[in-house]
Structure formats: structure tokens, C-alpha cells
Amino acid sequence: MTAETSTQARRLARIASDTRSYRRAIGDIGQALSLWRLWGMLGWLDIRQRYRRSFIGPFWITISMGVMISALGFVYSTLLGTPIAELLPYLAGGFIAWALISAMMIEGAAVFTASEPFIKHGNVPLSLHSLRLYWRHAITFAHNLAILLAVYVIFQFLPGTSLFVFPLTFTIVSAILVIWAIIIGSLSTRFRDLPPIISSTVQVVFFVTPILYKPEMLSDRPFVYQFNPFYYMVEGLRAPILGEPVTAKLVMTLLLMLAVSAVLGLIVFARTRGRISYWL
Amino acid sequence: MLSLATGGKIGLTNEDRISVKALDSVSFSLKAGDKLGVIGHNGAGKTTLLRVAAGVFEPTFGALETVGRVGGLYDLTLGMDMEATGYENIRVRGMLLGLTRREIDAKTDEIAEFTELGDYLYLPIRTYSSGMLLRLGFAVTTSVDLDILLMDEWISVGDESFQRKSEARMKEIVGRSGILILSAHTLGLIEDVCNKCLWLEHGRAREFGETKSVLDLYRKAAAA
């Protein structure tokens, strides 16, 4: 052990019932972020473990999603009267985005209960488990981008300059998703009826969010997507990779959602963090 | 309030929920070099106390103050990935225990040698026997330099020859660590290892002090 780490490790740590819970919640998240090597590795191992000794590995998800998108594109282009060359890339972008978003909501609900042995052991910040979950699905997301490459090739188009905005929107959406996974996970540990509610809600949201159809098709009921936060997250991921313009309004909306989520997340996490190990 | 032969205090909260007061008014302080033995009946709060010390359960009243690295010598194989190799798992376990990458790299050879697993360390650990797995977990876990060591029962790993080796390693790290908190039912062990002793009963500290005097009282109460 170097001199530097040993002095660091020998600091006085105080856990008291009267400690400001907000400070400790922020400390938990900060510490978790700084342990990126650990959650990065655990998330990566989750993927590898699931597909170890499988030849195609995580691309199985990609393949099944690709098949579904092709089939849906074929049927829905007739149903909606949209040319397949227009609808299929749109479906691909929407499904890839939705896979990440829905997984973070549904699996986010179980994140602390699934990590019980780790939490009961101690010395790892709680929010690290949410980051591990995020990383696992971010890796899957990256695999799914292969579908998009196929779409580019088959329909012979290039996404264009709006692709450069993708790192920005992806980062904002990722932050929102991690915060929501922490919120949902914390509440679900206390209220065990929440996870099934979340998964059925997510299913309903899928149908009311413009993924299978375009928002323009809802022109007489625009409120369905205008007040739907999931629409903005899907659009934030989908628009740049399809080469559609990313409006300033979209980015501002996402930033606003991030700010609201951060405040809400902090309130919930500060109140629940110290109790989560008791609820397990 | 209900007092049973085992367990902590069972009561109701203001909202009429059942609550268990697993520990109540347990106060003590240890300084570097202190080895604390924790005794008491099943459900007296021994494991809960260790978990409070590990930072898992935050106190609802009072405070916990620690200086230095706190770590538990239990769940030796927690976080290990059965599909990953022995060497990969040294890395996983090491990081989970709070080691930096550099610290792990520096310790890997020593850990590998201690396990005596040789080329098996290049294989996925699902090919290991349970004894081999514990050897690996033990070697990594005990390689971390801890200031405060928590132990739920003394651990003993492996076959006869490895047991001797692990016993020596245990003695060494217990001697090296500043503070040890050991929960155990074997009084002889506590007599051997600990200079201080805490006797828990229904989540309260019945006695705390020098090992010999606390154990004498405990034995007297048990005989009565």
C-alpha cells in the first residue's frame, strides 16, 4: 500500500443517525461514480456470464431484435401505408432506444433486491449497483447498433451531421435512466408490489409512445406524446442515429427532465438509502 | 414489549408495524491492537453488530466511528464469476474488496502461490471443487491489508495441509490488523484470540470488559 492510499484509508469515518442524509446520498453516488472500473467490470462480466460458451453471444439479442424489426416493418408499412424504406429505419431506431429504456425501468426495480449479498456484505456504495445495471444494458445497446449499420447499408443512407449530437443526447438520457433506476430500485425494495406495477406500466407506455408509429400520425391527439417523458428519451436516442434533426427544444426538454429527475432522485435516495439494507 | 429466550426486542412502531430492535444501547470503543470477542445466544445481535461495524446497517440511534479500512472475513467467494478464470476472479474479488488495480497486480503472484492451484488458475472456476474455490476466496480476501477486521466465526479452509497454512495466515493478519471483532460460540477460541469481550443478550450489552472476567460471568450464568 502506498503512503498516499494509507493516509486516505485511515481517515475517520462517522456514520451517525443524525448525519445529514442528503450529504451521504450525494457521497454514495460520487463514490459509486469514482468506482467506474468496478461497475464497468461487473457489468461486463454480467454480459459475458450470460453468453459464455455461446458462439454468437450477446448478438443473439441483436439478431432477435433484427428479426422482429424486419417482420414488423414488413407488416406495419402496409398497415400504416408508409413505405418500408421509411418505416423500417424508424422502427430500428425506436426499438434499440426502447430496449435500453425499458430494461433500465424494469430491471431497475429489482436492482437492490438482486444485489442483496453484495449489500449485506458492505463496503460498496448502493448506487454502484444501478450503474452496473446501466453498464450491462449500455453494452447491449452498443451491440444492437449493429442493426442500424445493416439498415444504413440496406437502405443506403448516411445519418449525417446530427449524428454528432448523439454523444450529448445519449449522455443526458443515460443520466436520466440511471437516476430513475435508483428511484425505482429504492422504492421497490420497500414496496414489493412496485416491480410488477412498473413492468406492466412500461408495457403500456410502449404502445402510447411513438415507436411503432410516427408522432405525426397522432396529430389530432398530440398530448399523448407531448406530455410523455419517454417520447423525448426515445427521440433523443433515435433522431440523431437516423440523421433527423435534433431540435434545441428536444435537448432543452431532456435537460429539464434531467434536472427534475436529479432533484426527485436526491430526495428519494436521501430518504431511503440508509434503510435499504434493512428492507432487504 | 416482549422478551424471548432468543432474538432482540419485538415491538410496534407508531404506524403499528412490527419492528425488531436488534441492538439497543450497545456502546464501546476499541483502540488499535484490541481484539474483541462477541458472545451471546442465537439472535442476540452478534451478526447485526458486525454488519453495523461494516457499515451495512446504519445506526438508527447513535453513531459509529471508524478509522481505517474496515473489512469482513466472511462471504469469501462473494462476487466471483463461475465462468471467469481464477486469475480473473482474483481481479474481481480484489476490486470488490476495495483494492486498486495496481495493488491487485502487485499481489496477484503472491495470491496465486498461496492458493497452490497452479495452472487451474487459468481455467474457469466452475471447474473447481468447493474446497479449491474457498482456497481462492480465502487467499484473495486475506491479502487485503485491513485496519479493522470483522469475523463471523473463525474460518477454516481446505484440506489438512492447507488448513495449517491458512491458520498461520489467519494468525498473521489478526496480529497485523489493528482491531479484530470476532463473533463466536467457541469460548476457548475467544480466550485464545481476544483481549476484550462483549456479551450480548437480547440486543443489549450485558457485559463488556476483559475477556477473562466476562467469560467467567458468562460461564457462571450458563451453569446456573
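A.B. asks: For the overall build of chain B, give the residues involved together with the corresponding values.
C.D. replies: Across its full length, chain B carries seven helices and nine strands. Projected onto its principal axes, the C-alpha coordinates of chain B cover approximately 55 × 45 × 30 Å. Burial analysis of chain B (224 residues in total) assigns 39% to the buried set. If you take every contact in chain B between residues at least 6 apart in sequence, the share linking residues at least 24 apart comes to 66%.

A.B. asks: I'd like a description of the overall build of chain A, backed by residues and values.
C.D. replies: Across its full length, chain A carries 13 helices and one strand. Reading the helices (α) and strands (β) of chain A from amino to carboxyl end gives α-β-α-α-α-α-α-α-α-α-α-α-α-α. Relative to the compact-globule value of 19 Å for 280 residues, chain A shows a C-alpha radius of gyration of 21 Å, a close match. Looking at chain A as a whole, 36% of its 280 residues qualify as buried. Partitioning the intrachain contacts of chain A with sequence separation of at least 6 by distance along the chain shows that 79% fall at a separation of at least 24.

A.B. asks: For the packing of helix H9 (residues 166-190) of chain A against helix H12 (residues 229-242) of chain A, give the residues involved together with the corresponding values.
C.D. replies: Residues and elements named next belong to chain A. Packing of H9 against H12 brings their axes to within 9 Å, and their N-to-C directions diverge by 160°. Comparing their axes, H12 and H9 come out roughly antiparallel. As H9 runs across H12, the sense of the crossing is left-handed. For the pair formed by H9 and H12, the contact residues are Phe166, Thr169, Phe170, Ile172, Val173 and Ile176 on the first element and Met233, Gly236, Leu237, Pro240 and Ile241 on the second.

A.B. asks: Could you give an account of the confidence of the model for chain A, with specific residues and numbers?
C.D. replies: Of all residues in chain A, 96% have pLDDT values of 70 or greater, and the mean over the chain is 91. Taken element by element, chain A is modelled with least confidence in helix H1 (residues 3-9) of chain A, mean pLDDT 44, and with most confidence in H9 of chain A, mean pLDDT 97.

A.B. asks: Please provide a residue-by-residue account of the interface of chain A and chain B, values included.
C.D. replies: At the junction of the two partners, chain A supplies 27 residues and chain B supplies 34 residues. At the level of elements, strand S1 (12-16), helix H3 (36-51), helix H7 (116-121) and helix H13 (248-279) of chain A are the ones that each hand at least two residues to the side of chain A that touches chain B. Its residues assigned to classes, the side of chain A that touches chain B shows 14 nonpolar, seven polar and six charged. Inspection of the sheet shows S1 of chain A paired to strand S4 (residues 63-67) of chain B by five bridges, in the antiparallel sense. Bridge pairing in S4 of chain B links alanine 16 of chain A to alanine 63 of chain B.

A.B. asks: Can you lay out the domain arrangement of chain B for me, pointing to particular residues and giving the numbers?
C.D. replies: Residue and element names in this part refer to chain B. Assigned domains of chain B: these are domain 1 (23-73 + 145-224) and domain 2 (76-141). Measuring from the centre of the C-alpha atoms in domain 1 to the corresponding centre in domain 2 gives 26 Å. Tallying the contact residues gives eight residues for domain 1 and seven residues for domain 2. When its residues are assigned to classes, the side of domain 1 that touches domain 2 shows three nonpolar, three polar and two charged.

A.B. asks: Tell me about the environment of alanine 181 of chain A, residues and numbers included.
C.D. replies: Residue and element names in this part refer to chain A. Relative to the elements of secondary structure, alanine 181 occurs in helix H9. Judged by the 27 C-beta atoms lying within 10 Å of it, alanine 181 falls in the buried class. The spatial distance from the C-alpha of alanine 181 to the C-alpha of isoleucine 139 is 17 Å, given a sequence separation of 42 residues. Other than its neighbours up to four places away in sequence, alanine 181 contacts Met104, Gly108, Val111, Ser130, Leu133 and Tyr134.

A.B. asks: Which residues make up the sheet that holds strand S7 (residues 179-183) of chain B, and what values go with them?
C.D. replies: Residue and element names in this part refer to chain B. Strand order in the open sheet made by the six strands is S5-S6-S7-S3-S8-S9, with mixed pairing throughout. The open sheet terminates on both sides in strands that have one partner only, identified here as strand S5 (70-72) and strand S9 (204-210). Put simply, the sheet's adjacent strands are angled 15° from each other on average, direction ignored. Bridge count for S5 against strand S6 (residues 148-152) is three bridges, and the pairing is parallel. Bridging from a neighbouring strand, glycine 72 pairs with leucine 150 of S6. Packed onto the sheet, helix H7 (residues 211-223) meets strand S3 (35-39), strand S8 (196-201) and S9 and runs at close to 135° relative to S9.

A.B. asks: So what's going on with the environment of serine 19 of chain B? Residues and values would help.
C.D. replies: With respect to the helices and strands, the residue serine 19 of chain B is situated in strand S2 (residues 18-21). Taking the C-alpha atoms as reference points, serine 19 of chain B and lysine 9 of chain B, ten residues apart in sequence, are found 8.3 Å from one another.

A.B. asks: Describe the nonpolar core, naming the residues involved and giving the relevant values.
C.D. replies: Membership of the largest hydrophobic core comes to 119 residues, with the highest contact counts inside it found for Ile101, Leu177, Ala181 and Val234 of chain A together with Leu150, Ile181 and Cys197 of chain B. With twelve residues, helix H5 (residues 84-108) of chain A is the single largest residue contributor to this core. When near neighbours in sequence (up to four residues on either side) are disregarded, leucine 177 of chain A contacts Ile101, Met104 and Tyr134 of chain A.

A.B. asks: Before we move on, could you go through unusual backbone geometry and cite the residues and values that matter?
C.D. replies: Positioned with a positive phi, serine 25 of chain B is a non-glycine residue whose angle comes to about 50°. Turning to its location among the elements, serine 25 of chain B is positioned in the loop between S2 and S3.

A.B. asks: Give a detailed account of the packing of helix H4 (residues 59-79) of chain A against H5 of chain A, specifying residues and quantitative values.
C.D. replies: Residue and element names in this part refer to chain A. Direction vectors running N to C along H4 and H5 enclose 140°, while the axes themselves pass 9 Å from each other. Classified by the angle between their axes, H4 and H5 sit oblique to one another. The hand of the H4/H5 crossing is right-handed. Where H4 abuts H5, its residues Met65, Ile69, Leu72, Gly73, Phe74, Tyr76 and Ser77 lie against Ile84, Leu87, Leu88, Leu91, Ala92, Phe95 and Ala99.

A.B. asks: So, the confidence of the model for chain B: which residues are in play, and what are the values?
C.D. replies: Residue and element names in this part refer to chain B. Averaged over every residue, the pLDDT of chain B is 88; the share at 70 or more is 95%. Ranking the elements of chain B by mean pLDDT puts strand S1 (residues 9-12) last with 72 and S3 first with 95. Predicted complex metrics record ipTM = 0.86 and pTM = 0.90.

A.B. asks: Just give me the short version of the environment of leucine 187 of chain B, but keep the residues and values in it.
C.D. replies: Along the chain, leucine 187 of chain B turns up in helix H6 (residues 187-193). If sequence neighbours within four positions are ignored, leucine 187 of chain B has contacts with Ile39 and Leu215 of chain B.

Definitions and cut-offs
Residues numbered from 1 in each chain as written. Chains lettered and ligands numbered in written order. Predicted model: local features only at pLDDT ≥ 70, side-chain atom pairs only at ≥ 80, totals over all residues. Helix = DSSP H or I, 4+ residues; strand = E, 2+ residues; numbered from the N terminus. Buried ≥ 20, exposed ≤ 12 C-beta atoms within 10 Å, placed from the backbone. Contact = placed C-beta atoms within 7 Å. Rg over C-alpha atoms; globule rule 2.2 N^0.38 Å. Axes fitted to C-alpha atoms, helices over the stretch in contact; angles between N-to-C directions. Parallel < 35°, antiparallel > 145°, perpendicular 65-115°, else oblique. Left-handed = near helix turned anticlockwise from the far one by under 90°. pLDDT = per-residue confidence, 0-100. Nonpolar A, V, L, I, M, F, W, Y, C, P; charged D, E, K, R; others polar. Pairing = 2+ DSSP bridges. Domains from an automatic or database assignment. Core = buried A, V, L, I, M, F, W, Y, C linked by C-beta atoms within 7 Å.

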